[in-house]
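# What the coordinates show
As a plain string of letters, each chain reads:
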Amino acid sequence: MADDLIVRVELRPAHGPPRSVELSLATGDFPLVVLFGPSGAGKSTLLRCLAGLDRPSAGAIHWRSCTWFDAATWVPPQFRDVGFVAQHGALFPHLDVAANVAFGLDALRSAERAARVTEVLDRFDLGALRHRAPATLSGGERQRVALARSLARRPSLLLLDEPFSALDHPARAALRADLRRWVRELGLPTLLVTHDPAEAMAIGDTLAVLDAGRVRQAGPVGEVFEHPRDAATARILGVDTLVAATMLHAIDGRGVVRAGERDLAVSAPDGLTGRVLVCVRAEDVVLFARAPDDGRNGAPGRVVRIDDEGAFTVVALDCGYPLRARLPRRVFGHLGLRVGDEAFAAIDARAAWTIADR
Amino acid sequence: MADDLIVRVELRPAHGPPRSVELSLATGDFPLVVLFGPSGAGKSTLLRCLAGLDRPSAGAIHWRSCTWFDAATWVPPQFRDVGFVAQHGALFPHLDVAANVAFGLDALRSAERAARVTEVLDRFDLGALRHRAPATLSGGERQRVALARSLARRPSLLLLDEPFSALDHPARAALRADLRRWVRELGLPTLLVTHDPAEAMAIGDTLAVLDAGRVRQAGPVGEVFEHPRDAATARILGVDTLVAATMLHAIDGRGVVRAGERDLAVSAPDGLTGRVLVCVRAEDVVLFARAPDDGRNGAPGRVVRIDDEGAFTVVALDCGYPLRARLPRRVFGHLGLRVGDEAFAAIDARAAWTIADR
Amino acid sequence: ALRPAEARDRLAVAAAADLRFVLADLLAAHPNLRVDVSFGASGSLVAQITQGAPFDVFLSADESLTRDLVARGLADDRARFRYARGHLALWASRALAVDVPALGMRALLHPAIRRVAIANPRHAPYGRAALSALSAAHLDAALAPKLIFGENVAQAMQMVQSGAADAALVSLSLTFAPGVASTGQRFVVPGALHPPIEQGGIILRRARDPVAAAAFVDVLRSPAARAIFARHGFDPPAP
Amino acid sequence: MDWIALALSLRLAAVTTVILLALALPLAWWLTTTRWRWRHVADALVALPMLLPPTVLGYYLLLALGPRSPVGALLLRLTGTSLPFTFPGLVVGSVLYSLPFAVQPMRASFARVDQELLEAAWCLGASRLRTFSRVVLPLSRTGIVAAAVLTFVHTLGEFGVVLMLGGNLPGRTRTVSVAIYDQVQSLDYAAANRTAGVLVGLSFALLALTYRTQREGATRWPTT
Amino acid sequence: MDWIALALSLRLAAVTTVILLALALPLAWWLTTTRWRWRHVADALVALPMLLPPTVLGYYLLLALGPRSPVGALLLRLTGTSLPFTFPGLVVGSVLYSLPFAVQPMRASFARVDQELLEAAWCLGASRLRTFSRVVLPLSRTGIVAAAVLTFVHTLGEFGVVLMLGGNLPGRTRTVSVAIYDQVQSLDYAAANRTAGVLVGLSFALLALTYRTQREGATRWPTT
Ligand SMILES: Nc1ncnc2c1ncn2[C@@H]1O[C@H](COP(=O)(O)OP(=O)(O)OP(=O)(O)O)[C@@H](O)[C@H]1O
Ligand SMILES: Nc1ncnc2c1ncn2[C@@H]1O[C@H](COP(=O)(O)OP(=O)(O)OP(=O)(O)O)[C@@H](O)[C@H]1O
Ligand SMILES: [Mg+2]
Ligand SMILES: [Mg+2]
């Protein structure tokens, strides 16, 4: 599969330390690639270099058949045909909604332009806000206008830097679903930055986990979330518990490890041996007040701490190693557990992914 | 219980429509009261009026034995002895961390001041950052400094306006837990604004649901989350499904309603009859591929839509009425459900709270 | 009103500021003279003429400046002429409790006169004359702390009129100016106390209509004009 | 009241303002965006006319534009006229003299245009010119209006440069401020007061009106 | 080169700058924060001295401060001296004349102080004075330095007001700009050139240095 996008750049800003960012993506990774990573990983830097807003000191950027940057080339943002939507939308305050959307369309003839604006506004449910000034719009509406504006030009690449972070949860979920639909309908290659795992899962086709400017792991979203390749990636992806263990035997994707004083069935890549880490998401741990007598996979432990998290309760257990379980508040209520109680943490072997401990 | 805080104010700004905000809280509601409400509910307005940053046109504000505002009184912010932390912290860019924290302490003698600064910095884990300039801090560190700065003065009331909204999830959870600990240790009455239900649950003692400037419901956090008093409150609190039903009989906190074509066991306040709404959180719905034969409470339905949400999957069902279930991704995977399949939604009667449908 | 096109056919005269009043009378008496006068400080006018200012005739308060223009090749030495001789006068506010006409120059020593304004002796001829007169009257040492300097005699006069100065040594002509004559007391400084103030002019080489310029100079030096000059405190020029 | 001088001053101010807007817009934008290492020198050069004694400026302008200078000689050869003592000469002097009054308010408002909006325009394919004309200019309206009004009023009040460079020719280079000076010199204080009254009144009214329409939000300060 | 005049000008500029900083700081802050409905009138009044012909200003100052005016008479009665033709008189004139050059850069930088920081200070119990001195002032440093330098340089270059109000007394009221004028009037062009060169060089160097230290980030513009 040919690489569609190759970025390998270095930045040496006047102030601050130099940094570098690398990423390459293939045609099959699109339409929607999510860049996921901790604060400072270089996600915004990458997008801004792609858009032509930051100019690297060295390296190269290739998009499909074009070279946007290398030692001899620099294509300014005007000629890259990308759509870029920053965190707060950056709407032109002196233009109304329709004029904002029409801003990038000056190459079209006036009738065509009007038609395009109407089409895009309708698609984004903004028809009624056509003549409103940006200052009078709610956060969600502004974000929709910003998206509409960058999509109206039918760019060849869409770059979204945490486009929903200014919204509250319900507005976010709705806009996310809409965006996913539009991007698919238009078949538009899109890079979206987020540090919300739920957002990454809900919207992405491909997930690239960025850390310190390098891609740690990339692949289909579900695959990456379920099978992180190393401990750092697992932590970045929000795995709550990493249990240090020793692989006893592994075959055909399944294995048994010794963790603490007990054996635990896990899933594992073939050929893994020796010291390993077992990744367990708190959501995948089922708590029982008493160990069920069906020989369930898991570990007994003592409740160390209980935290409320809205509809969920997070229980920290000591099973010889620390383990966290997140269960619906209601379910937790029925268990009647308190700090200090004994409990049994059942872990589905398929949900316990194992990685080498280096 | 005497009212500790009484706010009943009206604002008529030069631009924009007039608005009013009302709230009263008793001593027992503190230390940590969470103000929860949709965007535009007036949460920030309330906090700014309390801090003395916005001056109402009419009304009154009383805090304990003081009148901060009424027709004849206006106490400027300097004399209210409140701590106020806004969304982005507002650190003084020309002062280092220690000087920021010391800013409010000019009433203390210099030795005392130094001691207090050191104490507060240590408590907030900021000792190592003592001489750093705000511009060099990460988002989480800035928030910690802002909190430290307002707590250093030992104010009589702490006001926090979405203090964590600039942070990513892990940083947020950590700082939240710290804040909760500090506030309890100091016994400091605190009002915290958020629109994240998880945050409200995790941190609050009392929850006040604000809507259009009025308190719709207030009480202990868990109580309010579990027993919303009306449909609007339920929606604000993130109840996913509200099923229109008819109360058949109710006694002793339990009842049976007819919803769609089936009966459903629910919990209900005594004396509720006639048309009701059943509140069901998607987390409290357990899905089965086939109806279990233990006569479990719930309803059969057809899968209409499946959405990924990171570690969770949200399944929309048609049970004669729309119903949503949110289950761990892994659990959902085992069910093997697809759009169009039949499924059974089990609902714990204790998790199905009923309110009058007006 | 004057339209620019018309203005170009008229004679352009650059004149020292102290000629304002007398030239106004002169032009009023000769309505057939098509003349525009630009008043200015003599030094500025010379700088401007040097840079090609469109003047045909230059009337200086200081004869030496006309020689300067000749030296710069802007006029012919034969085009120089004298048109009047100025007088220095001591002027003081009427409100002052000093009898200036009676005391003459010695009035300047009176303690009620704390500030005496003169034109700047560095470039104004009346300023130089004032200094000469003071030293001839042996008043220079006593008056040095009282002296203040105006840009020209008009400013020295303003200083008295605003009350900022108590007395001034100015051109006699200025003390006859409309609105001034009745506001103060005048003492004509004897001509012997200072070198004569010969007011000279010159027809510039660039004059577009030398004939008209010469005609204007003739009018300026005519007996009728002398009468007008005399009314303004000027003597006829030395031949 | 010397109405001819007032008319001339108004004409001079209007012409100067129009020319300066055209000159100062690109200059101010260049100063705002350039990363040239000598930018501060350019800034200082632009500010200088505001700070030097106007008569000094006028004298050196007279020298620079007069027929003896290379510039003046060239102009004379090309156009057959020399600039000093003509209305165009006054315009040249005024443009130079009022330059900082046009450039500085523009710079201030250009600098306030949010970088994000420029980036948004570029990513929407807008050329530099289009970004400037469609984003920067409309968002800097108040600054540009302020620049125009300050230039106009400052040119109305211009004295030293006009006196030196203009030569006080009635109807051609005798502006209202020179007229006031003349009236004071003629000890005709009543006329000077009238003329100055008209000039001050006009300038003041223009300024007050401009500031009134530009009332940006005052910084809030706690009420007592 | 008239060194005495230069020294006097420097002294005048220094004294004026010190006084104006003290005056302009509260005035600029008041203008920035007041919600008074006639604020635009106050703004226009402050700007006016920058825009009026300086000789007109000087003439009316002479009238206002002279012993015949009520103000002048009062001063004379209280202090036994009158202001015109004295160094203090020049200082008064310069302060008025350079007022806008001190106020306007301060206003611009005061307005840029983030409202949130003021609110944070109030909520930390800081009085208005403390907020001003500990938050507003340090954050407006560049604006205040600019104000000081502009005032200083502008006063150095002051001519009309000094000429009218000063009386051209060597060592007392004869500033360098008046000296240049005198030299031009005496046709001593060589001396005028030398003096003007020193004045322009000094002003230019001060300005360029100031702008250099104040290099705020240029607005970014796509590189080609
Ligand atoms: N203009 C700049 N000059 C110097 N360093 C910078 C600049 N902008 C960002 N950095 C640094 O570069 C690194 C990457 O920053 P970047 O903004 O790309 O991170 P990010 O992944 O977008 O983080 P976040 O999730 O917090 O937005 C960080 O260490 C940051 O401190
Ligand atoms: N300065 C203002 N002038 C006029 N109306 C305002 C002003 N500030 C806020 N409002 C309006 O007052 C109402 C309450 O605003 P407020 O900021 O208190 O809401 P909020 O509950 O804090 O919302 P959010 O969660 O979005 O911060 C809204 O309708 C808002 O539009
Ligand atoms: Mg970023
Ligand atoms: Mg708010």
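Residues numbered from 1 in each chain as written. Chains lettered and ligands numbered in written order. Predicted model: local features only at pLDDT ≥ 70, side-chain atom pairs only at ≥ 80, totals over all residues. Heavy atoms only, no water.

When its secondary structure is counted, chain C shows 11 helices and 10 strands. The C-alpha radius of gyration computed for chain C amounts to 18 Å, which stays within 12% of the reference 18 Å derived for 239 residues, consistent with globular compactness. Projecting the C-alpha coordinates of chain C onto the three principal axes gives extents of approximately 55 × 35 × 30 Å. Across the 239 residues that make up chain C, the buried fraction comes to 63%. The contacts in chain C between residues at least 6 apart in sequence include a share of 75% that link residues at least 24 apart. Carbon and sulfur atoms provide 57% of the accessible area of chain C, an area that totals close to 8900 Å². When the 25 basic and 19 acidic side-chain charges of chain C are each reduced to a single mean position, those positions are 3 Å apart. (Helix = DSSP H or I, 4+ residues; strand = E, 2+ residues; numbered from the N terminus. Rg over C-alpha atoms; globule rule 2.2 N^0.38 Å. Buried < 20%, exposed > 50% of the residue type's maximum accessible area, 1.4 Å probe, protein only. Contact = heavy atoms within 4.5 Å. Areas by Shrake-Rupley, 256 points an atom, 1.4 Å probe, with all protein chains shown as cover. Lys, Arg positive; Asp, Glu negative; His and termini not counted. Charge placed at Lys NZ, Arg CZ, Asp CG, Glu CD.)

Another point: the overall build of chain D. Along its length, chain D carries 11 helices and zero strands. Secondary structure elements in chain D, listed N-terminal to C-terminal, are α-α-α-α-α-α-α-α-α-α-α. In terms of overall dimensions, chain D has C-alpha extents of about 60 × 60 × 25 Å along its principal axes. Considering chain D as a whole, with its 224 residues, one finds that 62% of them fall into the buried category. For chain D, contacts bridging at least 24 residues in sequence account for 71% of all contacts bridging at least 6. Carbon and sulfur atoms make up 68% of the accessible area of chain D, which amounts to about 8100 Å² in all. Measuring between centres, the 18 positive side-chain charges of chain D sit 5 Å from its 9 negative side-chain charges.

Here the focus is the site of ligand 1. Residue and element names in this part refer to chain A. Lining the immediate surroundings of ligand 1 are 13 residues, of which S39, G40, K43, S44 and T45 lie closest. Between R19 and ligand 1, the recorded distance is 3.3 Å, taken from a side-chain N or O atom to an oxygen atom. Between ligand 1 and T45, the relevant distance is 2.4 Å, taken from an oxygen atom to a side-chain nitrogen or oxygen of the residue. Within the complex, 58% of the 640 Å² of free accessible area of ligand 1 lies under protein. Class assignment of the residues belonging to the shell around ligand 1 gives a composition of three nonpolar, seven polar and three charged. (Near = heavy atom within 4 Å. Polar contact = N/O pair within 3.5 Å; in protein donor to acceptor, adjacent residues only side chain to side chain. Nonpolar A, V, L, I, M, F, W, Y, C, P; charged D, E, K, R; others polar.)

Next up on the list: a nonpolar patch on the surface. A contiguous nonpolar surface patch, about 210 Å² in accessible area, is contributed by V15(D), I19(D) and L23(D). On the basis of relative accessibility, which here comes to 45%, the residue L23(D) falls in the partly exposed class. (Patch = residues over 30% accessible without salt bridge, like charges linked within 9 Å, V, L, I, M, F, W, Y side chains within 5 Å. Salt bridge = Lys/Arg side-chain N within 4 Å of Asp/Glu carboxyl O.)

What follows covers the site of ligand 2. Residues and elements named next belong to chain B. Ligand 2 sits among 13 residues. The nearest are S39, G40, K43, S44 and T45. Within the side chain of T45, an N or O atom sits 2.4 Å from an oxygen atom of ligand 2. Protein coverage of the free-state accessible area of ligand 2, which is 630 Å², stands at 59%. Split into classes, the residues belonging to the shell around ligand 2 amount to three nonpolar, seven polar and three charged.

Here the focus is the interface of chain D and chain E. With 66 residues of chain D at the contact, the number on the chain E side is 66 residues. Where chain D abuts chain E, roughly 5900 Å² becomes buried across the two surfaces, and 67% of that area is made up of carbon and sulfur atoms. Along the contact surface separating chain D from chain E lie zero salt bridges. Across the contact surface, chain D and chain E share four residue pairs in polar contact (both at pLDDT 80 or more). The leading source of residues in the side of chain D that touches chain E is helix α11 (residues 189-213) of chain D, at 12 residues. Grouping the amino acids of the side of chain D that touches chain E by side-chain chemistry returns 40 nonpolar, 16 polar and 10 charged. (Buried area = accessible area lost by both parts, 1.4 Å probe.)

If you look at the biggest cluster of nonpolar residues, it comprises 241 residues, and the most contacted ones within it are L19(C), F58(C) and L59(C). Ignoring any residue separated from it by four or fewer positions in sequence, one finds L59(C) in contact with V13(C), A14(C), A15(C), A16(C), L19(C), L23(C), F81(C), Y83(C), G200(C), G201(C), F216(C) and L220(C). Formed by 72 residues, the second largest nonpolar core is a distinct cluster that contains V9(A), L47(A), W74(A) and V95(D). (Core = buried A, V, L, I, M, F, W, Y, C linked by side-chain atoms within 4.5 Å.)

Residue and element names in this part refer to chain C. Of all six residues that make up strand β2 (residues 35-40), six are buried, and the element is covered over most of its length. Neither face of β2 is exposed, since V35, V37 and F39 on one face and D36, S38 and G40 on the opposite face are all buried. Direction of pairing for strand β1 (residues 11-16) relative to β2: parallel, over a ladder of six bridges. Within β2, the residue paired with V13 across the bridge is V37. (Pairing = 2+ DSSP bridges.)

Let us look at the packing of helix α2 (residues 39-51) of chain D against helix α5 (residues 87-111) of chain D. Residue and element names in this part refer to chain D. The geometry of α2 relative to α5 is characterised by a closest axis approach of 6 Å and an angle of 125° between their N-to-C directions. In terms of their interaxial angle, α2 and α5 are classed as oblique. In the crossing of α2 with α5, the sense of the turn from one axis to the other is left-handed. Of α5, the residues touching α2 (which contributes R39, D43, V46, A47, P49 and M50) are L96, Y97, L99, P100, F101, V103, Q104 and R107. Taken together, the residues of the contact of α2 with α5 sort by class into 10 nonpolar, one polar and three charged. (Axes fitted to C-alpha atoms, helices over the stretch in contact; angles between N-to-C directions. Parallel < 35°, antiparallel > 145°, perpendicular 65-115°, else oblique. Left-handed = near helix turned anticlockwise from the far one by under 90°.)

Moving on, we come to empty space enclosed by the protein. Residues and elements named next belong to chain C. Evaluation of the coordinates by the stated rule reveals 12 cavities of 30 Å³ or more. Space inside the largest cavity adds up to approximately 180 Å³. Taken together, 18 residues make up the lining of the largest cavity; nearest its centre are S42, A61, A124, P125 and N152. Within the residue set of the lining of the largest cavity, elements represented by two or more residues are α3 (42-50), α6 (125-136) and α8 (153-161). Among the residues making up the lining of the largest cavity, the classes are represented as 10 nonpolar, six polar and two charged. (1 Å grid on protein atoms, 1.4 Å probe; cavity = no way out; pocket = protein on both sides within 12 Å on 5 of 7 lines; lining within 4 Å. Points joined across faces, edges and corners; volume = space filled by probe spheres on them.)

So, on to the packing of aromatic side chains. In the structure shown here, the tally under the stated rule is 29 aromatic pairs over all chains. With a centroid separation of 5.8 Å and 90° between ring planes, the pair formed by F30(B) and W63(B) is classed as edge-to-face. Here F30(B), found in the loop between β2 (19-26) and β3 (32-36), pairs with W63(B), found in strand β4 (residues 58-63); they are 33 residues apart in sequence, far enough to count as distant. For the pair F30(B) and W63(B), a shared accessibility class is recorded, and that class is buried. Between F92(B) and F103(B), the ring centres sit 4.5 Å apart and the planes meet at 40°, which makes this aromatic pair tilted. Of this pair, F92(B) sits in the loop between β7 (82-85) and α2 (97-102) while F103(B) is found in the loop between α2 and α3 (110-123), placing the two residues 11 residues apart along the sequence. Each member of the pair, F92(B) as well as F103(B), carries the same accessibility label: buried. Members of the aromatic cluster, each reached through a chain of ring pairs, are F81(C), Y83(C), F229(C) and F234(C). For the cation-ring pair, R149(A) lies above F92(A), with the distance from its terminal atom to the ring centre recorded as 4.8 Å. (Phe/Tyr/Trp six-rings, centres within 6.5 Å; stacked < 30°, edge-to-face > 60°. Lys NZ or Arg CZ within 6 Å of the ring centre and 35° of its normal.)

A few words now on the environment of L48(D). Relative to the helices and strands, L48(D) is located in helix α2. For the pair L48(D) and L96(D), spaced 48 residues apart in sequence, the C-alpha separation works out to 9.9 Å. Other than its neighbours up to four places away in sequence, L48(D) contacts V200(E), S203(E), F204(E) and L207(E).

With that settled, consider the sheet that holds strand β7 (residues 82-85) of chain A. In a beta sheet, neighbouring strands pair by backbone hydrogen bonds and run either parallel or antiparallel. Residues and elements named next belong to chain A. Overall, mixed pairing links the six strands, which are arranged β7-β8-β9-β3-β10-β11 in an open sheet. In the strand order of this sheet, the two ends are held by β7 and β11 (214-220), each with one partner. Taking the axes of each pair of neighbouring strands and ignoring which way they run, one obtains an average angle of 15° across the sheet. Sheet topology places strand β3 (residues 32-36) next to strand β9 (residues 190-194); five bridges connect them, and they run parallel. Looking across to β9, one finds that V33 is bridged to L191. Contacts from helix α4 (residues 139-152) reach β7 and β8 (157-161), with the element oriented near 170° to β7.

When pLDDT is averaged along chain D, the result is 86; 95% of the residues meet or exceed 70. With pTM at 0.83, the complex prediction returns an ipTM value of 0.80. (pLDDT = per-residue confidence, 0-100.)

Residues and elements named next belong to chain C. Strand order in the open sheet made by the five strands is β2-β1-β3-β10-β4, with mixed pairing throughout. The open sheet has two edge strands, β2 and β4 (75-86), and neither has a second partner. Neighbour-to-neighbour, the strand axes of the sheet open up by a mean angle of 20°, direction not taken into account. In the sheet, strand β3 (residues 57-59) pairs with strand β10 (residues 197-204) via three bridges, with the strands oriented antiparallel. Bridge pairing in β10 links F58 to I202. Packed onto the sheet, helix α2 (residues 20-29) meets β1, β2 and β3 and runs at close to 175° relative to β2.

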